[in-house]
Amino acid sequence: MASLDLLDFAAAIADGDIAVIDLTHTLAPDFPTIVMPPELGQCAPFRMEEISRYDERGPAWYWNNLSMGEHTGTHFDAPIHWMSGKDLPNNSVDTIPASAFIATACVIDISTESAANPDYELTVADIEAWETRHGRIPPRNWVLLRTDWSKRAGRDYVNMGDDGQHTPGPCPEAVRWLVKERDVHGFGTETIGTDAGQANHFNPPYPAHYYMHGHGRYGLQCLTNLDLLPPTGAVVFAAPLKIRKGSGSPLRVLALVPRS
Amino acid sequence: MTEPLKRPKRKDPLKKTREPLLPLKTRSRTALGLTAAAAEGRFALQVCANCGKVMYPPRDACPRCLSPRIPFQDVANGGALLAETTIRTSIDVYFRERMPWRVGVVKLDCGPSIVTHLHGDAREGERVKMEFKLDRSGQAVAIALPEKDTPNMADDPEWRELTCNPKFRRILVTDGRNAVGQAMAKALSDAQASIVFVGIADPWKPFPGEEALRKIGRVEIVPLDVTDSVSVDDIAGEIGGRVDIVINTAEHVRAGGIVERKGLTVAREEMDIRYFGLMRLAQAFGPMLRARGADGVNSAAAFVNLLSIHALMNLPAYGAFSATEAACLSASQSLRAELRPGGVKVVNMFFGPLETEWYQTMPPPKVTPAALANATVDALRRGLEDVFVGDIAEDIRARLAVNPKAVERELGS
Amino acid sequence: MADGFRKSYDGVAVAVPVTVPYRRYSINSAHWWIGRAVHEVVTRAGLTPSDIDGLSLSSFTVGPDTAIGLTQHLGLSPRWLDHIPLGGASGVVALRRAARAVQCGDADFIVCVAADTNHVDSFRNMLTTFSRFAQDAVYPYGSGGPNAGFALITRHYMNRYGATREDFGKICVAQRANSLHFPFALMKKPLSLEEYLSARPISDPIHLYDCVMPCAGAEAFLVCREDAARSLDLAAVHILGTIERHNAFPDDPIQFRGGWAMDIDELYAVAGITPEDVDFLQTYDDYPVICMMQIEDLGFCRKGEGAEFIRAHTLTADGSFPHNVSGGQLSVGQAGAAGGYLGLVEALRQLTGATLGAKVPEARVGLVSGFGMITYDRGLASGAVLLAEADR
């Protein structure tokens, strides 16, 4: 039975009955990275160094060497990334079970609120209101926060003031509630960081990282095209690179949705 | 009377670009003592340690007492212009296309007669002041200037050929995000650069001084990230043919030694911004600079590096940074040789701590960004190659000349 | 100075003046030109090559060889050998050396030769390896040769002593007149003062006709004992006296006098004559200002009065002061080091009745002057020789 379903599934993708939505930004040097205070270590931006291009360095081939951080561009956060998850079992990208890389997703839309207030915080009330319309969030689902922030570019995307970034994210109670009450798989955002831009001032600071990773859950950041996903039912493929003791990696995030 | 320089017209795109030629570059080893003096803007001749005779041309025994102890020393540079001639034809290919060209013989107050280039306002029978300058081959030549400054002096063609005056030239300041880059943009605009391109990386990140930078006259902000090869190549492709002077203001200053500062990510950033950044700029802009070294009034003239004095001797409190600066210094020496066929100078500005945030804990005397910018403009105007800015840099340079090992110990204590 | 210690040149004969016809450019090597000159001397002297036991060579383009390389090249086995790299002073100095060697029996038959080829890049190549001071302190200043240096000397001399371009022009015009019947002269057309003055400027105040034309050529002569010359039936010339001085007056800020000024009284004293006894003067004429300096420093007038002297005399071979009577380098051409022999070889022709062009009437005593090697800002080498016809 399962094998027939899989073949049907593959045919449905090939025929376009299942649409494959790319939730990934192109890895390019100009994509913003998280900026730490200058005294601290920084995440490397994405860089390409051409090895050869059908030239005297390599006559018939073109290829590049890459450099980047684990948290550059569209990327996956593993529990080992945060202090609160450092001692959990199977907490790095190479030890997370492969089955964890495929999961369904709920998409919560706060794009209107975020447009009006870049520091908008997702609340428990917002989630409950969403559930009223779309049903209870099933266990082990990704919760993806649609803010349409991916439609911004450059300075507007980062929205850095002289007191830090101003981008939307979850309030501490919302994250705790999603973990405790809904057993979520992980949290995904369009912004740099699963947390709000001003989250270092929250209690606890960076609650999405703190609670998600502290409970062995995952993060996805710098997603795009969330506006093309249904509120429920998308199947997300998000498999990070298998890096030894890796805390995360840039990756290709794909969402499968029925074509209609 | 020097004719004021006319702002150059737009280049005729159908005309062949004049290729750079160089004057004779061979010199005896002893004569390179003049090259060392000219690089720093000093007027030095050999003075016999035994009998005091001042001699020229450079040689290996005193012509009065035959002593071999004849070191180079700074000497008084006044003299009288005895005779002048205007050369109208020459078999030398470099000078042939720069005719007419005045030379003369000056009797120096300190003794010798010196065959010399002449500034247009140096007149026969009058007093002059002499300088040694680096010509397009990177070797020292003498030029006689009028004793007192004259109007539009810097516009004299023989003088301009020996210097890298920013006036009417187009200049790229590679990083305008920091105070030095911003001060540099202002100083160059004041020095009548015809355009100052200012590179900004990570445009999504705001930076202090941005508003004032955008208001400076003739400044054009361009995207440029010296850590990104694609960015550097792209901007070089766009503006490279219109850049006459590159001033690399990209900086990365962090305290910490080789052992003491844990991990390599900061060191990699350091090397990427400073050393590989220099290499990217050299590869992207070097060939075009070299090709345009003789391209009229706004010919390609210089590539300027801003280097810590600790490139010359490591300061362990900033040990990793010093090593990176040393790498940049060595690279600049290669760059100097590689750009020379174009007659383009590589200028190294050396300085100690700056009055900027990353040197915050270092005690004064420190160099302000404005002082560094002004010293750079001055170095370009005077055609210098090795410039020491501020008391700390001068002090370390003087101590290195006496006993480098002592400096190593003293900086490391 | 005149301490009476200098020996005479009794018993020495100078003979067989040879010029190998000049060519503007030559694809032959300097060795070829040297061989032609030596061959001509040997033939005309009635000797064979094995008779030649002394060789003096001056050449800028014989590199990488020097005189020693020419011994094997030409098949000579001399017991006396000299290489004299003194440019325009080569002839006078070669004669001084060879005369003493023959006089004290170190050699019997010395061929003195100066020769240079001229390829299209010879001049440029020679300049860049001419001297260390020129490399370090002259060529970077643009002239690409000695013109600027001599322009400065000329300019200073004009400012200091009031000489005019017309004065220099008179020298050049007279030399051209002298050269018109000289078969080896490369300049064929007469030169007027008008043409001289209006010629193209090279390096102010030097104009086209102030400059020699580099070319290929060779000059040579034989030095032997008087009795040997007689037995070979060679017309010979005697040496009355010689002087030589290098790097004279080093503290003069710019050159306005040469080494002759230091020793000229001694020259006349040893020769036992005065300037009035000189029938013709052959100066080294790289530029007319140097001719004027030699006229002063060789005692024909006081320092600074050269222009006045020129104005008061006619300089053609038949004039009141015959000067550079075959035309000098300015009209014949400068075949490198052979330019330092040109005046001397012509003097030998005049004094042995073997003239080819203009003739100085009743020439009995000639003064030949050499000058050269402007390695920085002044000519370093100088010399002079008083020659007399043999039956004096």
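Residues numbered from 1 in each chain as written. Chains lettered and ligands numbered in written order. Predicted model: local features only at pLDDT ≥ 70, side-chain atom pairs only at ≥ 80, totals over all residues.

### Section: the overall build of chain B
Counting secondary structure elements, chain B contains eleven helices and 15 strands. Scaling as 2.2 N^0.38, a compact globule of 413 residues should have a C-alpha radius of gyration of about 22 Å, and chain B matches this with 22 Å. Dimensions of chain B, computed from the C-alpha atoms along their principal axes, are close to 60 × 60 × 30 Å. Within chain B, buried positions represent 50% of all 413 residues. For chain B, the share of sequence-separated contacts (at least 6 apart) that also reach a separation of at least 24 residues comes to 67%. (Helix = DSSP H or I, 4+ residues; strand = E, 2+ residues; numbered from the N terminus. Rg over C-alpha atoms; globule rule 2.2 N^0.38 Å. Buried ≥ 20, exposed ≤ 12 C-beta atoms within 10 Å, placed from the backbone. Contact = placed C-beta atoms within 7 Å.)

### Brief notes about the sheet that holds strand β11 (residues 379–389) of chain C
Residues and elements named next belong to chain C. The nine strands are arranged β3-β2-β4-β7-β1-β8-β11-β10-β9 in an open sheet whose pairing can be described as mixed. Each edge of the sheet is formed by a strand with only one pairing partner; in this case those strands are β3 (80–83) and β9 (280–282). Taken over all neighbouring pairs, the strand axes of this sheet differ in orientation by 20 degrees on average, direction set aside. Strand direction decides the pairing type here: strand β4 (residues 109–116) and strand β7 (residues 216–225), joined by eight bridges, are antiparallel. The residue bridging phenylalanine 109 from the neighbouring strand is cysteine 224, located in β7. The sheet contacts of helix α1 (residues 30–44) involve β1 (12–23), β2 (54–58), β4 and β7, and relative to β7 the element is tilted by about 40 degrees. (Pairing = 2+ DSSP bridges. Axes fitted to C-alpha atoms, helices over the stretch in contact; angles between N-to-C directions.)

### Describing the domain arrangement of chain C
All names here are of chain C. Taken domain by domain, chain C holds domain 1 (12–121 + 216–231) and domain 2 (129–213 + 238–387). When each unit is reduced to the centre of its C-alpha atoms, the spacing between domain 1 and domain 2 is 23 Å. Each partner contributes residues to the interface: domain 1 has 30 residues there, and domain 2 has 33 residues. Those elements giving two or more residues to the side of domain 1 that touches domain 2 turn out to be β1, α3 (90–103), β4 and β7. Residue contributions to the side of domain 1 that touches domain 2 peak at seven residues, all from α3. Taken together, the residues of the side of domain 1 that touches domain 2 break down into 17 nonpolar, nine polar and four charged. (Domains from an automatic or database assignment. Nonpolar A, V, L, I, M, F, W, Y, C, P; charged D, E, K, R; others polar.)

### Observations regarding unusual backbone geometry
Of the consecutive residues Asn203(A) and Pro204(A), the connecting peptide bond is found in the cis state with omega at 0 degrees. Checked against the element boundaries, Pro204(A) lands in the loop between β11 (186–189) and α6 (207–214). The omega torsion across Gly63(C) and Pro64(C) is 0 degrees, close enough to zero to call that bond cis. On the secondary structure map, Pro64(C) appears in the loop between β2 and α2 (67–74).

### What about the arrangement of the chains?
With two pairs of chains in contact overall, the contact-richest pair is chains B and C. Kept free of each other, chain A and chain C leave a smallest C-alpha distance of 38 Å between them.

### As for the interface of chain B and chain A
Residue-level contacts link 13 residues of chain B with 13 residues of chain A. Every element with two or more residues in the side of chain B that touches chain A is listed here: α6 (229–239) and α7 (265–291) of chain B. Residue classes in the side of chain B that touches chain A are distributed as five nonpolar, five polar and three charged.

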